[in-house]
Amino acid sequence: MSVVVGRLSGKTTVITGAASGIGRATALLFAKEGAKVVAVDIANAELTSGEIERSGGQSFSARADVTKASEVRDVMESAVQRYGKLDVLFCCAGRVSFGNVVDLTEEEWDSVLDTNLKSMFLCAKYAVPHMIKQGGGSIINMSSVSGLVAGVDEAAYDASKAGIILLTKATALDFGPKGVRVNCICPSSTDTPFLRKYADLTPDPKKFLDETAKMNAALRRLIQPEEVAHLALYLASDESGAVTGTAMVIDAGYTAI
Ligand SMILES: NC(=O)c1ccc[n+]([C@@H]2O[C@H](COP(=O)([O-])OP(=O)(O)OC[C@H]3O[C@@H](n4cnc5c(N)ncnc54)[C@H](O)[C@@H]3O)[C@@H](O)[C@H]2O)c1
């Protein structure tokens, strides 16, 4: 892969959750479009950055837990040290959890809220000052249709994803005047290791996946990680220069009914 001009040429991007699923697909797409990619994950991010480098792209990996302030701060600083600036931040790391408020333990609640929501606060906290210094940037947060409509036994996950939507809008208002755009993405069921892992816990994984696909009510199929990556690409690129404070749904019709 040798890119001369792509939709992200010259941009430095940081992607969390880059080892797997949507984060990985986005890292590969951003690199193909000419971005320098800092692949961040709690494990295995080097597999993604290695794949990008072998294809002729520019990337390095950072092992970091996005719930830890000092690790997140170090990631943003290392991106700027290595590539001179930070243009795009895609906060994609997340985890699922099931249970109602009676069944959930306090530890589980804290873990889901920290991984999915506090991490977005920390990433923005340490990325925005770098973006302001260089005149602006684009932040993309990973929410979910679960931030818009509730599901049974998803209390912590739904609360975390709904929180991301208003954190996104608040941050867009706060830093729009400084040129920082902030948007979030709300996918429904997407065919990633995250979904497959959950399917494997059910008595009939194939049936689970078929039924889950039908909940994407218009197209009646699972979304592919690359399709979500293309929405992130639009939000990362200058093509979306007037788009900020939005929650963009990509759900094959899940919320249409
Ligand atoms: N797959 C879906 O159906 C779906 C639908 C809507 C939203 N999402 C959201 O998309 C995002 C990515 O999901 P995916 O399906 O690609 O999942 P995935 O499990 O394939 O990838 C998630 C990645 O996040 C990383 N991660 C988890 N906790 C971390 C931490 N504390 N620090 C750093 N990295 C951490 C994991 O190691 C993993 O590589 C999540 O935020 C998820 O909630 C997924």
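This write-up is about the structure you can find in this document. Everything quoted here is computed from the prediction, not taken from an experiment.

### A few points about empty space enclosed by the protein
Where empty space is left in the structure can be found by rolling a water-sized probe over the atoms.
No. 1: What the rule picks out here adds up to one cavity of 30 Å³ or more.
No. 2: Put simply, the largest cavity is a space of about 30 Å³.
No. 3: Around the largest cavity sit T16, V40, A64, V66, V72, V75, M76 and C123, which together line it.
No. 4: The biggest single contributor to the lining of the largest cavity is helix α3 (residues 69-83), with three residues.
No. 5: When its residues are assigned to classes, the lining of the largest cavity shows seven nonpolar, one polar and no charged.

### Focus on the state of the cysteines
No. 1: In total, this model carries zero disulfides according to the counting rule given.
No. 2: Of the cysteine sulfurs around C91, a residue in no disulfide, the closest is that of C123, at 4.0 Å.
No. 3: Overall, the relative accessible area of 2% leaves C91 in the buried class.
No. 4: Residue C92 stays outside any disulfide, its sulfur separated by 9.0 Å from that of C91, the closest cysteine.
No. 5: For C92, a relative accessible area of 12% corresponds to the buried category.

### Points about the site of the ligand
No. 1: The ligand sits among 26 residues. The nearest are S20, D41, Y157, T190 and T192.
No. 2: Separating a nitrogen atom of the ligand from a side-chain N or O atom of D65 is a distance of 2.9 Å.
No. 3: Bound to the protein, the ligand loses 90% of the 820 Å² it would expose on its own.
No. 4: Taken atom by atom, the bulk of the ligand overlaps the largest pocket.
No. 5: Elements supplying a minimum of two residues to the shell around the ligand: α1 (21-32), α5 (155-175) and α6 (193-200).
No. 6: Among the residues making up the shell around the ligand, the classes are represented as twelve nonpolar, eleven polar and three charged.

### Side note on the packing of α1 against helix α2 (residues 45-54)
No. 1: Contact geometry of α1 with α2 gives a least axis separation of 10 Å together with a crossing angle of 25°. Classified by the angle between their axes, α1 and α2 sit roughly parallel to one another. In the crossing of α1 with α2, the sense of the turn from one axis to the other is right-handed. Here R24, A27, L28 and A31 of α1 lie close against α2, whose contacting residues are T48, E51 and I52.
No. 2: Taken together, the residues that form the contact of α1 with α2 break down as four nonpolar, one polar and two charged.

The rules behind these values
- Residues numbered from 1 in each chain as written.
- Predicted model: local features only at pLDDT ≥ 70, side-chain atom pairs only at ≥ 80, totals over all residues.
- Heavy atoms only, no water.
- 1 Å grid on protein atoms, 1.4 Å probe; cavity = no way out; pocket = protein on both sides within 12 Å on 5 of 7 lines; lining within 4 Å.
- Points joined across faces, edges and corners; volume = space filled by probe spheres on them.
- Helix = DSSP H or I, 4+ residues; strand = E, 2+ residues; numbered from the N terminus.
- Nonpolar A, V, L, I, M, F, W, Y, C, P; charged D, E, K, R; others polar.
- Disulfide = S-S within 2.5 Å.
- Buried < 20%, exposed > 50% of the residue type's maximum accessible area, 1.4 Å probe, protein only.
- Near = heavy atom within 4 Å.
- Polar contact = N/O pair within 3.5 Å; in protein donor to acceptor, adjacent residues only side chain to side chain.
- Areas by Shrake-Rupley, 256 points an atom, 1.4 Å probe, with all protein chains shown as cover.
- Sits in = over half its atoms within 2 Å of the grid points.
- Axes fitted to C-alpha atoms, helices over the stretch in contact; angles between N-to-C directions.
- Parallel < 35°, antiparallel > 145°, perpendicular 65-115°, else oblique.
- Left-handed = near helix turned anticlockwise from the far one by under 90°.
- Contact = heavy atoms within 4.5 Å.

These values are about where atoms sit, not about what they do.
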